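Here are the chains, one letter per residue:
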Amino acid sequence: MKIASRSLIVTLVIIVIGASRDRIPKVPAHASGHWTVAGAKARLSEVIERAQTDPQIITRHGKPSVVIVSAEEWARKTVRKGTLAEFLMTSPLRDADLDLERVHDQPRDLEP
């Protein structure tokens, strides 16, 4: 479906907070920028509009579950800042005299 009437294209990005969500304190669902799942579903257009200026947190059972950010913010946060090789070449540890030793343990037994 193509919508030509809007000049602003909005990409909805949801970032899932993984296992660490148990350590995040509960937040009130009515706080600014915080939505319950039901509230976000019912007012999705408003959530998307507010996400253009500030991240919007959707809570499940009172705990943060996902964050919705604007496409611009997502692009800014995920832009690649060089290659792994460039990162390693500019590392302050590149010329450090590190004494690294390989451990020569026996492989673990996979048989029960």
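Residues numbered from 1 in each chain as written. Predicted model: local features only at pLDDT ≥ 70, side-chain atom pairs only at ≥ 80, totals over all residues. Heavy atoms only, no water.

1. As for the overall build of the protein
Scanning the protein for helices and strands turns up 4 helices and 4 strands. When the helices and strands of the protein are read in sequence order from the N terminus, they spell out β-β-α-α-β-β-α-α. For the protein, restricting intrachain contacts to residue pairs at least 6 apart in sequence, the fraction spanning at least 24 positions comes to 46%. Of the accessible surface of the protein, which amounts to about 10000 Å², a share of 56% is contributed by carbon and sulfur atoms. (Helix = DSSP H or I, 4+ residues; strand = E, 2+ residues; numbered from the N terminus. Contact = heavy atoms within 4.5 Å. Areas by Shrake-Rupley, 256 points an atom, 1.4 Å probe, with all protein chains shown as cover.)

2. Description of the side chain of Q56
Here Q56 lies in strand β3 (residues 56–60). From its side chain, Q56 meets the backbone oxygen of D54 in a polar contact 3.0 Å long. Residues in contact with Q56, not counting those within four places in the same chain, are G33, W35, V47, R50, A51, V66, V67 and I68. (Polar contact = N/O pair within 3.5 Å; in protein donor to acceptor, adjacent residues only side chain to side chain.)

3. What about the pairing of strand β4 (residues 63–69)?
Burial analysis of β4 places 6 of its 7 residues in the buried class, the great majority of the element. In terms of strand pairing, β3 meets β4 through 5 bridges, oriented antiparallel. When the bridges of β4 are listed, Q56 appears paired with I68. The antiparallel hairpin formed by β3 and β4 contains 2 residues in its connecting segment, where H61 sits at a positive phi of about 60 degrees. (Buried < 20%, exposed > 50% of the residue type's maximum accessible area, 1.4 Å probe, protein only. Pairing = 2+ DSSP bridges.)

4. What about unusual backbone geometry?
At H61, a position not held by glycine, the phi torsion is positive, near 60 degrees. With respect to the element layout, H61 can be found in the loop between β3 and β4. For H61, a relative accessible area of 73% puts it in the exposed group.

5. Quick look at the pairing of β3
In the sheet, strand β2 (residues 34–36) pairs with β3 via 3 bridges, with the strands oriented parallel. Residue pairing for β3: W35 is matched across the bridge by I58.

6. A look at the confidence of the model for the protein
Put simply, the protein has an average pLDDT of 79, and 72% of its residues get 70 or more. The least confident element of the protein, judged by mean pLDDT, is strand β1 (residues 13–16) at 52; the most confident is β3 at 96. Low pLDDT, under 50, characterises residues 1–10; the predicted model gives this stretch 3 contacts beyond four residues in sequence or across chains. (pLDDT = per-residue confidence, 0-100.)

7. Brief notes about the environment of K41
Turning to its location among the elements, K41 is positioned in helix α1 (residues 37–42). Put simply, K41 and I58 are 17 residues apart on the chain and 10.0 Å apart in space, counted from C-alpha to C-alpha.

8. Describing the nonpolar core
With 7 residues, the main nonpolar core is built from W35, A40, V47, A51, I58, V66 and I68. Sorting the residues of this core by element identifies α2 (44–51) and β4 as the ones contributing at least two each. Not counting residues within four places of it along the chain, the set of residues in contact with V47 comprises W35, A40, Q56 and I68. (Core = buried A, V, L, I, M, F, W, Y, C linked by side-chain atoms within 4.5 Å.)

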